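Descriptive analysis of the structure
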Amino acid sequence: MSRVVVVLALIGLLATGCVSRQDSSGAQEAPATVALTDLAGLTLNVGDQKGGTEALLRASGALEGLPYAINFSTFTSGPPQIEAATAGKIDFAITGNTPPIFGAAPNAKVKVVSALDGGGFGDQILVHADSPIQRVADLRGKSIALAKGSSAHGHTLVQLDRVGLRASDVKLVFLQPADALSAFTQRRVDVWAVWDPYTAQAETDLAVRSIARATGVTNGAGFGIASDAALADPKRNTALSDLLQRYAKAVRWADDNREQWAKRYGEEVGLDPAVAALAQGRSLRLPTDLSDELIASEQEMADLFAESEQIAAAPDFERWVDRRYTDVLKPLYLTRD
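Cut-off values and rules
Starting from 1, residues in each chain are numbered consecutively following that chain's sequence as written. With the structure being a predicted model, the display of local features is reserved for residues of pLDDT at least 70 and the display and counting of side-chain atom pairs for 80 or more, all residues being used for whole-chain, interface and lining totals. Computation of side-chain values: all heavy atoms of the structure, hydrogens and water removed. UniProt positions are given in the numbering used here, feature names are shortened, and annotations may be inferred rather than shown by experiment. Secondary structure elements are taken from DSSP: a helix is a run of H or I of four residues or more, a strand is a run of E of two residues or more, and numbering for both begins at the N terminus. We call two residues in contact whenever any of their non-hydrogen atoms come within 4.5 Å of each other. By convention, a stacked pair of Phe, Tyr or Trp rings (six-membered ring in the case of Trp) has centres within 6.5 Å and planes under 30 degrees apart, an edge-to-face pair has planes over 60 apart, and any other such pair is tilted. Only protein chains enter the calculation, and the probe is 1.4 Å; a residue is then buried if its accessible area is under 20% of its type maximum, exposed if over 50%, and partly exposed in between. In this analysis an axis means a line fitted to C-alpha atoms, helices contributing only their contacting stretch, and an angle means the value between N-to-C directions, from 0 to 180 degrees. Oblique is the label for any angle not under 35 degrees, not over 145, and not in the 65 to 115 range, which are roughly parallel, roughly antiparallel and roughly perpendicular in turn. When residue character is reported, Ala, Val, Leu, Ile, Met, Phe, Trp, Tyr, Cys and Pro are called nonpolar, Asp, Glu, Lys and Arg charged, and the others, Gly included, polar. The way it works is a 1 Å grid over only the protein atoms, where trapped points that fit a 1.4 Å probe form a cavity and open points with protein on both sides within 12 Å along at least five of seven lines form a pocket, and then any residue with an atom within 4 Å of a point lines it. Grid points are joined across faces, edges and corners, and a volume is the space filled by probe spheres set on the points. In this text, buried Ala, Val, Leu, Ile, Met, Phe, Trp, Tyr and Cys residues form a nonpolar core when linked through side-chain atoms within 4.5 Å. Should the near helix be turned counterclockwise from the far one by less than a right angle, the crossing is left-handed, whereas a clockwise turn marks it as right-handed. Take a side-chain nitrogen of Lys or Arg and a carboxyl oxygen of Asp or Glu: if they are within 4 Å of each other, that pair is a salt bridge. By definition, two strands form a pair when at least two bridges between them are found by DSSP.

As recorded in an unreviewed UniProt entry, the chain goes by the name Putative aliphatic sulfonates-binding protein, listed as coming from Mycolicibacterium novocastrense. If you open the UniProt record of the chain and go to Function (unreviewed entry), you find "Part of a binding-protein-dependent transport system for aliphatic sulfonates. Putative binding protein." The record in UniProt for the chain states the following under Sequence similarities (unreviewed entry): "Belongs to the bacterial solute-binding protein SsuA/TauA family."

Focus: the side chain of serine 151
Turning to its location among the elements, serine 151 is positioned in helix α5 (residues 151–162). Setting aside chain neighbours within four positions, we find serine 151 in contact with Gly96, Asn97, Thr98, Pro99, Asp123 and Trp195.

Considerations on the packing of aromatic side chains
Evaluated as defined, the whole model comprises five aromatic pairs. Relative to tryptophan 192, the ring of phenylalanine 184 has its centre 6.0 Å away and its plane inclined at 45°; by these criteria the two rings are tilted. Judged by its relative accessible area of 0%, phenylalanine 184 falls in the buried class. We classify tryptophan 192 as buried; its relative accessible area is 1%. With centroids separated by 5.6 Å and ring planes inclined at 80°, the aromatic side chains of tryptophan 195 and tyrosine 198 adopt a geometry described as edge-to-face. Accessibility classification places tryptophan 195 together with tyrosine 198 in one group, the buried group.

Notes on the packing of α5 against helix α12 (residues 292–307)
Packed helix pairs are characterised by how far apart their axes lie and by the angle those axes make with each other. Viewed as axis vectors pointing N to C, α5 and α12 meet at an angle of 75°, and their least axial separation amounts to 10 Å. Overall, the two elements α5 and α12 adopt an arrangement that is roughly perpendicular. Each of His153, Gly154, Leu157, Val158 and Asp161 in α5 lies in contact with α12, whose residues at this interface are Met301, Leu304 and Phe305. Among the residues forming the contact of α5 with α12, the class breakdown is five nonpolar, two polar and one charged.

Regarding the layout of surface pockets
Considered as a void within the structure, the second largest pocket measures approximately 160 Å³ in volume. What lines the second largest pocket is Val158, Asp161, Val217, Thr218, Asn219, Ser297, Glu300, Met301 and Leu304. Elements represented by at least two residues in the lining of the second largest pocket include exactly α5 and α12. At four residues, the largest contribution of residues to the lining of the second largest pocket is made by α12. A breakdown of the residues in the lining of the second largest pocket according to their chemical character gives four nonpolar, three polar and two charged.

Looking at empty space enclosed by the protein
Enumeration according to the criterion identifies four cavities of 30 Å³ or more in this entry. Reported here for the largest cavity is a volume of approximately 590 Å³. Lining the largest cavity are 36 residues, with Lys50, Trp195, Asp196, Ser283 and Arg285 positioned closest to its centre. Elements with a minimum of two residues in the lining of the largest cavity: β1 (43–49), α2 (52–60), α3 (78–86), β3 (92–95), α9 (234–256), α10 (258–269) and α11 (273–283). Counting residues per element, the lining of the largest cavity draws most heavily on α2, at three residues. The residue makeup of the lining of the largest cavity, split by class, is 13 nonpolar, 18 polar and five charged. In this model, the second largest cavity occupies a volume close to 80 Å³. Lining the second largest cavity, in full, are Ile94, Ser114, Ala115, Leu116, Leu244, Tyr247, Ala248, Pro287, Thr288, Leu329 and Tyr333. Only β4 (110–117), α9 and β11 (286–288) provide two or more residues apiece to the lining of the second largest cavity. When its residues are assigned to classes, the lining of the second largest cavity shows nine nonpolar, two polar and no charged.

Here we look at the nonpolar core
Counting 59 residues, the largest nonpolar core has Leu139, Ile144, Trp192 and Leu290 as its most contacted members. Not counting residues within four places of it along the chain, the set of residues in contact with leucine 139 comprises Ile133, Ile144, Leu160, Asp169, Val170, Val191 and Ile211. Within the second largest apolar cluster, 42 residues are counted, among which are Ile70, Leu231, Leu243 and Trp253.

What about the packing of helix α7 (residues 198–205) against α11?
As a packed pair, α7 and α11 sit with axes 9 Å apart at the nearest point and diverge in direction by 140°. By the angle between their axes, α7 is oblique relative to α11. The two elements α7 and α11 meet at a crossing, and its hand is right-handed. Touching Thr199, Ala200, Gln201, Glu203 and Thr204 of α7 are Val275, Leu278, Ala279 and Arg282, all from α11. A class-by-class count of the residues in the contact of α7 with α11 yields four nonpolar, three polar and two charged.

What about the pattern of salt bridges?
Counting across every chain of the model gives 15 salt bridges. The salt bridge involving aspartate 138 is made with arginine 135; its shortest N-O contact spans 3.6 Å. Among the residues examined, aspartate 138 registers a relative accessible area of 26% and is labelled partly exposed. Residues aspartate 292 and arginine 323 are paired through a salt bridge, measuring 3.2 Å at the closest nitrogen-oxygen approach.

Considering the sheet that holds strand β5 (residues 124–128)
Sheet architecture is open: five strands sit in the order β7-β6-β8-β5-β9, paired in mixed fashion. The open sheet has two edge strands, β7 (171–174) and β9 (208–213), and neither has a second partner. The average angle at which neighbouring strand axes cross in this sheet is 30°, direction not considered. Here β5 runs beside strand β8 (residues 191–194); their pairing, made up of four bridges, is antiparallel. Across the sheet, residue glutamine 124 finds its bridge partner in β8, namely valine 194.

And the structure:
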């Protein structure tokens, strides 16, 4: 069994079922914060992917002296995190750039509260090394495995659009990473669109080629999303502000200690050290401004999703953005070299 299979097998998907959504657009007025000492007994429920958030917070020491408890839940991708937040199962999670669009479209009860610059280096479109497919323009009529509503979904649509292809010109096969890996390795699909660390593992364990990456094509961003219920609660709102600052400081530590962080990440998630170093070396997400320019780029992607009939209508993405934590996070922003 390859290391890809082993790691994917460890990643569970929390079933959230059907979620009733009501219109929750527009940022709420932030409740008054409370003293951190008043958070004793509070448990913040945080979604995670591949152990990345928890591993980073623990490795950096950011969870030391925590005045509240955190319960981490593991998800296979961003869209199930949006569902879980809407259903009240989690308070916060970090996703790629596309899940919030899929959440905003059907009025999920979440807001984007922070931004991270991922660069898009690990978000790639992979083919087998012996595949006749050489470029995105060759994808007409081909089957592409990807997770619906994930950053890979958005990246694929943008790449197709750049060469004059539409979603209807290819066969999109919606699979979570574990199932996508199986379909790809068994050649039941022609292409796998995915993100790190899956990309890094596939490059290490399989004979693959990348025909496209998101760098310079999409915004490559990650987003912190919080549930409307948590944002409306004084204690959870205060805890979220504290957690976002701790996370930003943890990323700064990881950026300053790349080798140490990659080693710890690999140990926590069960990745080969070389794979962990490759993934974190290029895909560490750095805290950045939740700027008008970034939101505009998300709106462009949302419009493309609607034009491609992947969602019923494009949401006004700005209405799913809440900048209440900007002032405390601004001193912690990092720029990618």
